[in-house]
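Chain by chain, the residues run as shown.
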2 protein chains.
Amino acid sequence: MLKMTDKKERILEVALRLFALEGYANVPTSKIAKAADVSEGLIFRHFGSKEALLDAILELGIEQVEHFVAEVKQETNPRLRIQKVIQLPLLVTREHEEFWKLQQSIKYHNPELATKYRQSEVFQSLVKSVEDAFSNLKYQNPKAETQLLMMIITNLFTIVEQEDLIIKEAFVKFVQSKYEE
Amino acid sequence: MLKMTDKKERILEVALRLFALEGYANVPTSKIAKAADVSEGLIFRHFGSKEALLDAILELGIEQVEHFVAEVKQETNPRLRIQKVIQLPLLVTREHEEFWKLQQSIKYHNPELATKYRQSEVFQSLVKSVEDAFSNLKYQNPKAETQLLMMIITNLFTIVEQEDLIIKEAFVKFVQSKYEE
DNA sequence: GTCTATATGGGGATAGAC
DNA sequence: GTCTATCCCCATATAGAC
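A. Molecular detail of the protein's contact with DNA strand C. Taken together, 17 residues form the shell around DNA strand C, and within it Lys7 and Ser39 of chain A together with Thr29, Phe44 and Lys50 of chain B come nearest. Sugar and phosphate atoms constitute 65% of the interface atoms of DNA strand C, taking the interface as everything within 4 Å of the protein. Interatomic distance of 3.0 Å between a side-chain N/O atom of Lys7 of chain A and a phosphate oxygen of DNA strand C. Between DNA strand C and His46 of chain A there is a distance of 3.2 Å, counted from a phosphate oxygen to a side-chain nitrogen or oxygen.

B. Molecular detail of the packing of aromatic side chains. Per the stated rule, a full pass over the model turns up ten aromatic pairs over all chains. A centroid spacing of 5.8 Å and a plane angle of 55 degrees characterise the contact between Phe134 of chain B and Tyr179 of chain B, whose relative ring orientation is tilted. Of the two residues, Phe134 of chain B is situated in helix α8 (residues 121-136) and Tyr179 of chain B in the segment after α10 (165-177); the sequence distance between them amounts to 45 residues. Its relative accessible area of 6% is what places Tyr179 of chain B among the buried residues. Every member of this aromatic cluster is reached through a ring pair, and the members are Phe134, Tyr139 and Tyr179 of chain A. Its guanidinium or amino end placed over the ring of Phe47 of chain A, Lys8 of chain A lies 5.6 Å from that ring's centre, counting from NZ or CZ.

C. Summary view of the interface of chain A and chain B. Contacts between the two partners involve 25 residues from chain A, matched on the other side by 25 residues from chain B. Of the roughly 2300 Å² buried between chain A and chain B, counting both surfaces, carbon and sulfur atoms make up 63%. In terms of surface lost to chain B, no three residues of chain A exceed Tyr108, Met151 and Phe174 of chain A, which account for 28% of the buried area on that side. On the surface where chain A and chain B come into contact, there are three residue pairs in polar contact (both at pLDDT 80 or more). Contributing elements (two or more residues each) for the side of chain A that touches chain B: α5 (78-109), α8 (142-162) and α9 (165-177) of chain A.

D. The arrangement of the packing of α8 of chain B against helix α9 (residues 142-158) of chain B in detail. Residue and element names in this part refer to chain B. In the contact formed by α8 and α9, the axes pass within 9 Å of each other and the chain directions differ by 130 degrees. The angle between α8 and α9 falls in the class oblique. The handedness of the crossing between α8 and α9 comes out as right-handed. Counted together, Phe123, Leu126, Val127, Val130, Glu131, Phe134 and Ser135 of α8 and Pro142, Lys143, Glu145, Thr146, Leu149 and Met150 of α9 form the full contact between these two elements.

E. Summary view of the relation of the copies chain A and chain B. Of the transformation superimposing chain A on chain B, the axial component is 0.3 Å and the angular component is 180 degrees, with the fit at an RMSD of 0.9 Å. In short, the pair behaves as if placed about a two-fold rotation axis. Both copies share a contact surface, since 88% of the interface residues of chain A are interface residues in chain B too.

F. How the structure looks around empty space enclosed by the protein. Residues and elements named next belong to chain A. Applying the stated criterion across every chain, the model contains three cavities of 30 Å³ or more. Approximately 190 Å³ is the volume attributed to the largest cavity. Taken together, 18 residues make up the lining of the largest cavity; nearest its centre are Trp100, Tyr117, Phe123, Thr154 and Phe157. If you list the elements that add at least two residues to the lining of the largest cavity, you get α4 (50-73), α5, α6 (111-118), α7 (121-136) and α8. Residues belonging to the lining of the largest cavity are distributed by class as follows: 13 nonpolar, three polar and two charged.

The rules behind each value
Residues numbered from 1 in each chain as written. Chains lettered and ligands numbered in written order. Predicted model: local features only at pLDDT ≥ 70, side-chain atom pairs only at ≥ 80, totals over all residues. Heavy atoms only, no water. Near = heavy atom within 4 Å. Polar contact = N/O pair within 3.5 Å; in protein donor to acceptor, adjacent residues only side chain to side chain. Phe/Tyr/Trp six-rings, centres within 6.5 Å; stacked < 30°, edge-to-face > 60°. Helix = DSSP H or I, 4+ residues; strand = E, 2+ residues; numbered from the N terminus. Buried < 20%, exposed > 50% of the residue type's maximum accessible area, 1.4 Å probe, protein only. Lys NZ or Arg CZ within 6 Å of the ring centre and 35° of its normal. Contact = heavy atoms within 4.5 Å. Buried area = accessible area lost by both parts, 1.4 Å probe. Axes fitted to C-alpha atoms, helices over the stretch in contact; angles between N-to-C directions. Parallel < 35°, antiparallel > 145°, perpendicular 65-115°, else oblique. Left-handed = near helix turned anticlockwise from the far one by under 90°. Least-squares fit on C-alpha atoms with pLDDT ≥ 70 in both. 1 Å grid on protein atoms, 1.4 Å probe; cavity = no way out; pocket = protein on both sides within 12 Å on 5 of 7 lines; lining within 4 Å. Points joined across faces, edges and corners; volume = space filled by probe spheres on them. Nonpolar A, V, L, I, M, F, W, Y, C, P; charged D, E, K, R; others polar.

Structure follows, in structure tokens:
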């Protein structure tokens, strides 16, 4: 990937942090500019609009998550694959916690953008691979199982952001135990 | 309860719906006024500020949910009590559903308000009664079980993608089956 | 690429009449 | 209790110089 301008990069980082922390709608571009030590105008030079900035951040996040998802899909043992999916929030949030938090929050601010993510290849393929695993394991209702598990996982991300690491890990283990044989 | 002015009531209803649907930050008071067929000024006469309006809505929501929660708590058979909690999302009316959704969304706009609700008597007592049920049933980790179940329930409320009642009911049944003996 | 200065609109909120 | 009119701020966005 071509190296971005330092400042453009800084804007992305800072905006991600602030959006995740305080919510997209609550963060004026002026605040981003100040925090990134950049002129406000530059944000619009680079991204065109505040919303386009959000979009760029999400694109970037999806990219970064791709590798984690690939890891899960590559696991052929269905039982293990499910264990790995459950662990995703722990693994991903370690590096991309803010992105996930943002992802959650925009569900409410900006449903279209959230939908865009939900329908992204990455997410869809993850869902499918989970469903396959449940099918292989002869669960009676693989679709519902998948839906339930994805729901739990999505929420694990948000819990994860609240509690301390020990509690998180314990809870993830607990959920995993639900899917052992 | 004293009967409110029709218009005050209408503002509350409309605002609840719009906030839940589009997010607090995305709904200007002008829009609420128009939708409720009321002057914008009246909103401020009655509630003082937009945020105070949100607060009033949440208060009201808590009140309305109280009776459903009481129903659950009053069930002494722990197995049945859990079945009933899971059914909560189906029992509450559409308005309550909106209330629940709003409750979720403000986590990001206005964490203090969300916390206030989370720590409300109603919610806390529901959590406690679920935890008791799990304890009685000798689940190994009642606290984690409760956390997981409450998480699932909260999400059941917000499954919008499946507005189809049949699907929703099927899914609730599916979750219930997880907690049968 | 980046800054400074500025335009524009819209959102929350108030005043005052009825 | 309710409406109309209005204020003011601040957030997004643009223009133009460097």
